[in-house]
Amino acid sequence: MAIDYRVIAADASRLDEVEPLWKAMVEHHRMLTENQLPVRTGDEAWRRRRDAYDAWLSSGQAWLLLAVAGTPQDQAAIGYAVVRLTGPAQTWDLGEPVGMLESLAVAGHARGNGVGTRLIDAARELLRARGVGFWSVTFVAGNAGAARLYERNGFRPFCKELLGPV
């Protein structure tokens, strides 16, 4: 079933609207890793991420994009993206600054309606307007759906990060 929605730029005053989307993503990570890696509780993960979002947004170097459904008076967030600027790469000549798609989450009932792609498009345009030439995204290795979405939108494998216990 198609959902009528639009993507808007939002400020930190709307961060609480993304909390359930973030927590659902944390649970998705727990499922993807099959409890092979320690995953924080949704509440603890959100507290930490909300603090990071707050700092990034207040720096003027990050942006919150919301996919909202409903009327302007009664909007519900069905997806969001946070994109930010990072410093230049030391080895790679990617320009200054480089963009980072920090988070992208879409509510389960809204998936398959192009919400993720529209959020990526909005983030890309925001970065282009600021002269950014390259951006990156990180996702859990077992998340095949995320890999397909990002590759459909122009991202290609770049570096491989491995994780292991000490």
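1. Quick look at the pattern of salt bridges
Part 1 of the reasoning: Counted by the stated rule, this structure contains 13 salt bridges.
Part 2 of the reasoning: The salt bridge partner of D16 is R50, with a shortest N-O separation of 2.9 Å. Of this pair, D16 sits in the loop between β1 (5-10) and α1 (19-32) while R50 sits in helix α2 (residues 42-59), and the two are 34 residues apart along the sequence.
Part 3 of the reasoning: Overall, the relative accessible area of 22% leaves R50 in the partly exposed class.
Part 4 of the reasoning: Note that E19 and K23 form a salt bridge whose closest N and O atoms lie 2.8 Å from each other. One end of the pair is E19 and the other is K23, both in helix α1 and 4 residues apart, which spans about a single turn.
Part 5 of the reasoning: Given a relative accessible area of 23%, E19 falls into the partly exposed group.

2. Describing the environment of Q36
Part 1 of the reasoning: Structurally, Q36 can be placed in the loop between α1 and α2.
Part 2 of the reasoning: Sequence separation between Q36 and Y150 is 114 residues, and the spatial gap between their C-alpha atoms is 25 Å.

3. Quick look at the packing of helix α3 (residues 115-129) against helix α4 (residues 144-152)
Part 1 of the reasoning: Between α3 and α4, the least distance of the axes is 10 Å, while the angle of their chain directions is 45°. Comparing their axes, α4 and α3 come out oblique. In the packing of α3 onto α4, the handedness of the crossing is right-handed. Contacts from G116, T117 and I120 of α3 reach α4 at L149, Y150 and R152.

4. Some remarks on the sheet that holds strand β5 (residues 135-137)
Part 1 of the reasoning: With mixed pairing, 5 strands are arranged side by side in an open sheet as β1-β2-β3-β4-β5. Strands at the two margins of the open sheet, each flanked by one partner only, are β1 and β5. In this sheet, adjacent strand axes meet at a mean angle of 30° when their direction is disregarded.
Part 2 of the reasoning: In this structure, strand β4 (residues 98-106) lies alongside β5, joined through 3 bridges in parallel fashion. Each residue of the ladder has a partner; that of G99, found in β5, is W135.
Part 3 of the reasoning: Of the strands in this sheet, β2 (62-71), β3 (74-86) and β4 touch α2, which is tilted by about 110° from β2.

Cut-offs used in this document
Residues numbered from 1 in each chain as written. Predicted model: local features only at pLDDT ≥ 70, side-chain atom pairs only at ≥ 80, totals over all residues. Heavy atoms only, no water. Salt bridge = Lys/Arg side-chain N within 4 Å of Asp/Glu carboxyl O. Helix = DSSP H or I, 4+ residues; strand = E, 2+ residues; numbered from the N terminus. Buried < 20%, exposed > 50% of the residue type's maximum accessible area, 1.4 Å probe, protein only. Axes fitted to C-alpha atoms, helices over the stretch in contact; angles between N-to-C directions. Parallel < 35°, antiparallel > 145°, perpendicular 65-115°, else oblique. Left-handed = near helix turned anticlockwise from the far one by under 90°. Contact = heavy atoms within 4.5 Å. Pairing = 2+ DSSP bridges.

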